[in-house]
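Residue-level structure breakdown
Each chain, letter by letter, is given below.
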Amino acid sequence: MLGSNAAEMVYLGARDLSRYKLRSGLTMLGIVFGVGAVISMLAIGEGSKRKALSQIEMLGIRNIVTWSRKPPQEQQASTKEGTYVSEYGLTFKDLKLIRETVPKVTRVVAGRDVRQDVFVGRKLMTTRVLGTEPAYAEVMNFKPARGRFLVSRDIEDRAKVAVITQGVRRELFPLEDPMGKCLRIGSELFEIVGVMEPRGEGGKSASAADLDRDIYIPFTTALAAYGTLSIRMETGYREVSRLELDEVIVQAEDKESVTEVAKVIEAILKKNHEKQDYVEKVPLDLLLQAKQHERIWNVVMGSIAGVSLLVGGIGIMNIMLASVTERTHEINIRRALGAKRRDIIVQFLVETVVLSLFGGITGIAPGALGAKTVTGYAGYDTVVTAFSVVLAFGISAAVGIIFGIYPAWKAAYMDPVEALRHE
Amino acid sequence: MALVELRDIDKTYQMKDVAVKALAGVSLDFARGEFVSIMGPSGSGKSTLLAILGCLDRPTSGHYTLNGQDVSLASDDSLSDIRNREIGFIFQSFDLIEQLSVLENTEVPLFYRGISRGQRRRKALEAIDRVGLSDRAAHLPRELSGGQCQRAAIARALVNDPVILLADEPTGNLDSKTGGEIMEVFKQLHRSGRTILLVTHDRDLAEQGDRIVQLMDGAVVDGGN
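Now for a look at the structure at hand. Note that the structure is predicted; figures quoted are calculated from it, not measured. (Residues numbered from 1 in each chain as written. Chains lettered and ligands numbered in written order. Predicted model: local features only at pLDDT ≥ 70, side-chain atom pairs only at ≥ 80, totals over all residues. Heavy atoms only, no water.)

**Overview of the overall build of chain B**
Cut-off, in case you're wondering: Secondary structure elements are taken from DSSP: a helix is a run of H or I of four residues or more, a strand is a run of E of two residues or more, and numbering for both begins at the N terminus. Each radius of gyration reported is based on C-alpha atoms, and the globular scaling rule is 2.2 Å times the count of residues to the power 0.38. When a residue's accessible area, from a 1.4 Å probe over protein chains only, is under 20% of the maximum for its type it is buried; when over 50% it is exposed; and in between it is partly exposed. Every residue pair with non-hydrogen atoms within 4.5 Å of one another is taken to be in contact.
A count of helices and strands for chain B gives 7 helices and 10 strands. What you see for chain B is a C-alpha radius of gyration of 17 Å, in line with the 17 Å of a compact globule of 225 residues. The C-alpha extent of chain B, read off along each of the three principal axes, is 50 × 40 × 40 Å. Out of the 225 residues belonging to chain B, those deemed buried represent 58%. Considering only residue pairs separated by 6 or more positions, chain B has 68% of its internal contacts joining residues 24 or more positions apart.

**Structural notes on a nonpolar patch on the surface**
All names here are of chain A. To be explicit about the condition: Only residues whose relative accessible area exceeds 30% and that take part in no salt bridge are eligible for patches, with like-charged residues grouped when within 9 Å of each other and nonpolar side chains (Val, Leu, Ile, Met, Phe, Trp, Tyr) grouped when within 5 Å. Reported accessibility uses the Shrake-Rupley method at a 1.4 Å probe radius. Residues are deemed covered only where the shown protein chains occlude them. When a carboxyl oxygen of Asp or Glu is within 4 Å of a side-chain nitrogen of Lys or Arg, the pair counts as a salt bridge.
Taken together, the side chains of Ile-401, Ile-405, Tyr-406, Trp-409 and Tyr-413 define a hydrophobic patch exposed on the protein surface, amounting to about 520 Å² of accessible area. Turning to its location among the elements, Ile-405 is positioned in helix α14 (residues 386-412). Residue Ile-405 is classed as partly exposed on the basis of its relative accessible area, which comes to 46%.

**As for the pairing of strand β10 (residues 188-196) of chain A**
All names here are of chain A. Basically, it comes down to this: In this scheme, strands are said to pair when DSSP sees at least two bridges between them.
Across 3 bridges, strand β7 (residues 144-147) lies against β10 in antiparallel orientation. Across the sheet, the residue bridging to Arg-146 is Val-195, located in β10. Summarising the sheet, strand β8 (residues 161-164) and β10 pair through 4 bridges and their orientation is parallel. The partner of Val-161 across the bridge, within β10, is Glu-191. Strand direction decides the pairing type here: strand β9 (residues 182-185) and β10, joined by 4 bridges, are antiparallel. Each bridged residue has a counterpart across the sheet, and for Ile-185 the counterpart in β10 is Glu-188. Between β9 and β10, which pair antiparallel in sequence order, lie 2 residues; one of them, Gly-186, sits at a positive phi of approximately 65°.

**A short note on the sheet that holds strand β8 (residues 195-199) of chain B**
All names here are of chain B. For clarity, the threshold we go by: Orientation is described by lines fitted to C-alpha atoms, with helices fitted over the stretch in contact, and by angles between N-to-C directions that extend from 0 to 180 degrees.
Read from one edge of the open sheet, 6 strands run β6-β7-β8-β3-β9-β10, paired in mixed fashion. Only two strands of the sheet have a single partner each, and these edge strands are β6 (87-90) and β10 (219-222). Between one strand and the next, the sheet's axes are offset by a mean angle of 25°, whatever the strand orientation. Note: strand β7 (residues 164-168) against β8, 5 bridges, orientation parallel. Bridge assignment links Asp-168 to a residue of β8, and that residue is Val-199. Each of β6 and β7 touches helix α2 (residues 76-86); the most contacted strand, β6, lies at about 75° to it.

**Re the interface of chain A and chain B**
The condition is simple: Accessible area, probed at 1.4 Å, shrinks when two parts are joined; the buried area is that loss added up over both. Any residue outside Ala, Val, Leu, Ile, Met, Phe, Trp, Tyr, Cys, Pro, Asp, Glu, Lys and Arg is labelled polar, Gly included; the first ten of those are nonpolar and the last four are charged.
Contact residues are listed per partner, giving 30 residues for chain A and 30 residues for chain B. Summed over both sides, the interface between chain A and chain B buries roughly 2700 Å², with carbon and sulfur atoms accounting for 53% of that surface. Seen at the junction of chain A and chain B, the total is 8 salt bridges. The closest approach of N and O atoms between Asp-77 of chain B and Arg-342 of chain A, which form a salt bridge, is 3.2 Å. Only α1 (2-18), α12 (328-336) and α13 (341-378) of chain A provide two or more residues apiece to the side of chain A that touches chain B. For the side of chain A that touches chain B, a count of residues per class yields 11 nonpolar, 5 polar and 14 charged.

**Here we look at the sheet that holds strand β1 (residues 4-15) of chain B**
All names here are of chain B. Reading across the sheet, the 4 strands line up as β2-β1-β4-β5 and stay open at both edges, with antiparallel pairing between neighbours. Edge positions in the sheet fall to β2 (18-30) and β5 (69-70), since each has one partner strand and no second. In this sheet, β5 lies alongside strand β4 (residues 61-66) in antiparallel orientation, the contact comprising 2 bridges. Bridge pairing in β5 links Leu-66 to Gln-69.

**Here we look at the packing of helix α11 (residues 283-326) of chain A against α13 of chain A**
All names here are of chain A. Selection rule: Comment on the angle field: the value is read as roughly parallel under 35 degrees, roughly antiparallel over 145, roughly perpendicular from 65 to 115, and oblique elsewhere. Working rule for handedness: look at the near helix, and if it is turned counterclockwise from the far one by less than a right angle, call the crossing left-handed; if clockwise, right-handed.
Closest axis-to-axis distance for the α11/α13 pair is 11 Å, and the angle between their directions is 140°. The angle between the axes of α11 and α13 places the two elements in the oblique class. The two elements α11 and α13 meet at a crossing, and its hand is right-handed. Residue-level contacts link Ile-316, Met-320, Ser-323 and Val-324 of α11 to Phe-348, Glu-351, Thr-352, Leu-355 and Ser-356 of α13. When grouped by side-chain class, the residues that make up the contact of α11 with α13 number 5 nonpolar, 3 polar and 1 charged.

**Observations concerning the pattern of salt bridges**
Scanning all chains against the criterion turns up 43 salt bridges over all chains. Ionic pairing is found between Arg-50 of chain A and Glu-46 of chain A, a salt bridge with its closest N-O pair at 3.1 Å. Highlighted residues: Arg-50 of chain A and Glu-46 of chain A, both in helix α2 (residues 21-59), separated by 4 residues, approximately one helical turn. A residue is classified by how much of its surface remains accessible, and Glu-46 of chain A, at 18% relative accessible area, is buried. Across the pair Arg-335 of chain A and Asp-76 of chain B runs a salt bridge, and its minimum N-O distance is 3.0 Å. With Arg-335 of chain A in helix α12 and Asp-76 of chain B in helix α2, this pair bridges two chains. The same class applies to Arg-335 of chain A and to Asp-76 of chain B, which are both buried.

**Let's talk about the packing of α11 of chain A against α14 of chain A**
Packed helices, taken two at a time, are described by the angle between their axes plus the distance between the axes. All names here are of chain A. Look at α11 against α14: their axes get within 9 Å of each other, and the N-to-C directions meet at 30°. Classified by the angle between their axes, α11 and α14 sit roughly parallel to one another. Handedness of the crossing formed by α11 with α14: right-handed. In this structure, α11 contributes Leu-309, Leu-310, Gly-313, Ile-314, Met-317, Met-320, Leu-321 and Val-324 to the contact, and α14 contributes Ile-395, Val-399, Phe-403, Tyr-406, Pro-407, Lys-410 and Ala-411.

**Some remarks on empty space enclosed by the protein**
All names here are of chain A. Note the threshold: Buriedness of a pocket was judged along seven lines, with at least five required to meet protein on both sides within 12 Å; pockets are open sets of points on a 1 Å grid over the protein atoms alone, cavities are sets where a 1.4 Å probe fits but cannot get out, and lining residues have an atom within 4 Å of a point. Grid points are joined across faces, edges and corners, and a volume is the space filled by probe spheres set on the points.
In this structure the tally under the stated criterion is 4 cavities of 30 Å³ or more. Put simply, the second largest cavity is a space of about 80 Å³. Residue lining of the second largest cavity: Asp-16, Leu-17, Tyr-20, Arg-23, Ser-24, Ile-319, Met-320, Ser-323, Arg-327, Glu-351 and Leu-355, and that is the complete set. In terms of residue count, the dominant contributor to the lining of the second largest cavity is α11 (3 residues). Here the residues of the lining of the second largest cavity sort into 5 nonpolar, 2 polar and 4 charged.

**Brief notes about the side chain of Gln-347 of chain A**
Along the chain, the position of Gln-347 of chain A falls in helix α13. With sequence-adjacent residues up to four places away left out, Gln-347 of chain A is seen in contact with Met-9, Asp-16, Arg-327, Glu-330 and Arg-334 of chain A together with Tyr-112 of chain B.

**A short note on the environment of Arg-335 of chain A**
Our working rule: We call two N or O atoms a polar contact when they sit within 3.5 Å, provided that within protein one can donate a hydrogen and the other can accept it, with sequence-adjacent residues counted only if both atoms are side-chain atoms.
Of the residues examined, Arg-335 of chain A reaches a relative accessible area of 1% and is grouped as buried. Expressed as a C-alpha distance, the spacing of Arg-335 of chain A and Asp-415 of chain A, which sit 80 residues apart in the sequence, is 9.0 Å. Those residues in contact with Arg-335 of chain A, other than ones at most four positions away along the chain, are Lys-340, Arg-341, Ile-344, Ala-412 and Pro-416 of chain A together with Asp-76, Ser-80 and Arg-83 of chain B. Within the structure, Arg-335 of chain A has its side chain in polar contact with the side chain of Asp-76 of chain B (distance 3.0 Å).

As C-alpha cells, this is what we get:
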C-alpha cells in the first residue's frame, strides 16, 4: 500500500504539520540553520578551492617560478638618506646555469619588468611591462585573443612591438580597437601586435587581476632600451637598483619531475645568492597545500555543520515525541481501525521527513546568502554547487529519518487497548 | 458453528507484584445475526472482554474463534488485519480523528486495507449515505453534533463490511433523544442481519437486544450459553 499512497501520505503528513504552524516552523529552524551552515560551508570551501586552483593553474602546474626580491636587510638600509645602489636578484648567469645544467626541463623563460610608465596619448597607466620570450605564452598557458604573441623574429630584431592584456585594453583603449595602435613605454614607442585573452574569473581574485594588467615586449628590446638600472625617486633619497632579471620560469617535462627540478634549481641558486634575494614558488606544492587546507576546512566546517544539524535533529525528535504523546488517542484509534505498527511508523516518519526536508529546502536560501556575505570579506567568489544542494536535501532527509525513528517507533508500540479508554 | 466462540478465556494483568485476574474462565458463543448486550458493573471485566473480542488484546489462556479463525495466537499484524476486516468499533466518545473530515474518517479503515483512492471514496460515501450523513461528508467532527459524530463513527465501522459490530456505551455521551436515534440505527442494522455486541450499564438499552450477558468479577453470571 506504500507505493501508491506515498504522495497521499506526504500530503496528509504536511496537512497534519500545518495544523501547528508555529510549532512546526520553530522545529524546522534547527534544520534551516543546519542546512544553511552546510550550504555556506561548502560554498565557501568551493570558492576558495577554485580561487587556489585558478591561481595555481595560472602559474602552471609543471612550472617552477623564481622571482627576484629585494633582500630583507637591504630593505631597511634603503630608508636612510642619500643615494643607495642596491644590486640583487636573479642574474643572466643564473639563467645560463639553469638552461645548461638542469635536467628534465622543456622550457626556460626569463622575464624582466622594465619599470616604466605607459602612456597612450595623455593617458597614463602604471603597470608591469614584462620583457620576455615567445615561450612565455606556452609556459603560462596564455593565448592571444587577437593578433599574436611575441615571436622569435621580435627577439632577433629587438622589435618595438607590444602585446597587451585585457586589463590594459580596458584602461587604455576603452572604446577603440588597440590592434596596430601605439603605446609609449617610458620614452619609447611600441606597436600593439596582439591582445591576450581574459585571465582569471571576473578579475576578482587579486593575482588574476595582476596578470590581466601585464604588457609584454620582447626581452631583447627591454634590455636594449631600458638597461638593467632603475632609479626610484623618493623624498629625501634616491634609490638606484641594479637588477638583471625579475623572473625565471622553468617548465618541467612532466608533473612527476617537478619536485626534482625544483630541488636542482634551488641548489644552483643557493650557491650564488647568499642574500636570499629570490623566491622560488612551485605551483604543484601550492596545489598540494591547497588540497591539505581544503581537507582541514572540510573537517572543521563539517563538524560545525554536523553539530548544528545534530541540535536541529534533537529538536525535531523532541517535538515529535511530544506530538506522539499528544496524539496517543488518535494512534490507538488508527490501530483499532486496522493500522499495523509499520503503518504508524510510516505515518510519523513521513511527518518528520516532510518537516526536515522542508527545513532543508528553506535552509538553502539563507545558506547561499551567508556564503554571499562571506564573499565580501574573503575577496573571492563563493560557489553554491548543485552538489551541495543535493547534499542538503539528502542530509535533511537523513536527519528526518534518523531522528524520526524513535518517536515513530514509540508511537507504533503503544498498546492499542488504550483505544477503549475514555479521556 | 457460532460466529464468535470464547472458550475458557482467562486474562491476568501483572501489576508489579500482584497479578490481577480480570477474566476467569469465560466461555461464550455469539451466533451470526445476534444482538447481544453485555452488562456488568465497573471492574466486572467488561472492558477486558471487549478488548479481547475486538482483538485489541490477547487472552492469557483460552481460545477465541472469530468467523472460524482462531485468533488467540495471531500475530500483531494479523490482529490488525482482523480488526480491519472483521470488526467495526463504535466508541462512547465517537473517537473520530479530529483533523479529518467525516469522509476522510470513514476512509481510514479502507486506507489501511490498501484500497485505491477512487474506490475508497465511493465506498465511504456509500456508508455515509447509509447513516444519513451525506450532506455532512466534508465537515470536520468539531462542526457536527454528538449524534452526527456517532453516525459518522458508525459509517466508519461499517465501511469494511465487518462480521461483527462492537459498540462500547455508544449512547453514553448523548442526550436521551439522540441516544434513542442511535439505538434505532443499531436496531435497523440488526434487522438487516448484522451481528452486534453492545456493552452498556444501562438496563433499558441492554433490553433492546436479543440477549443480555451479565458479567461479575470476571465471570459470566447470567445469559451465557
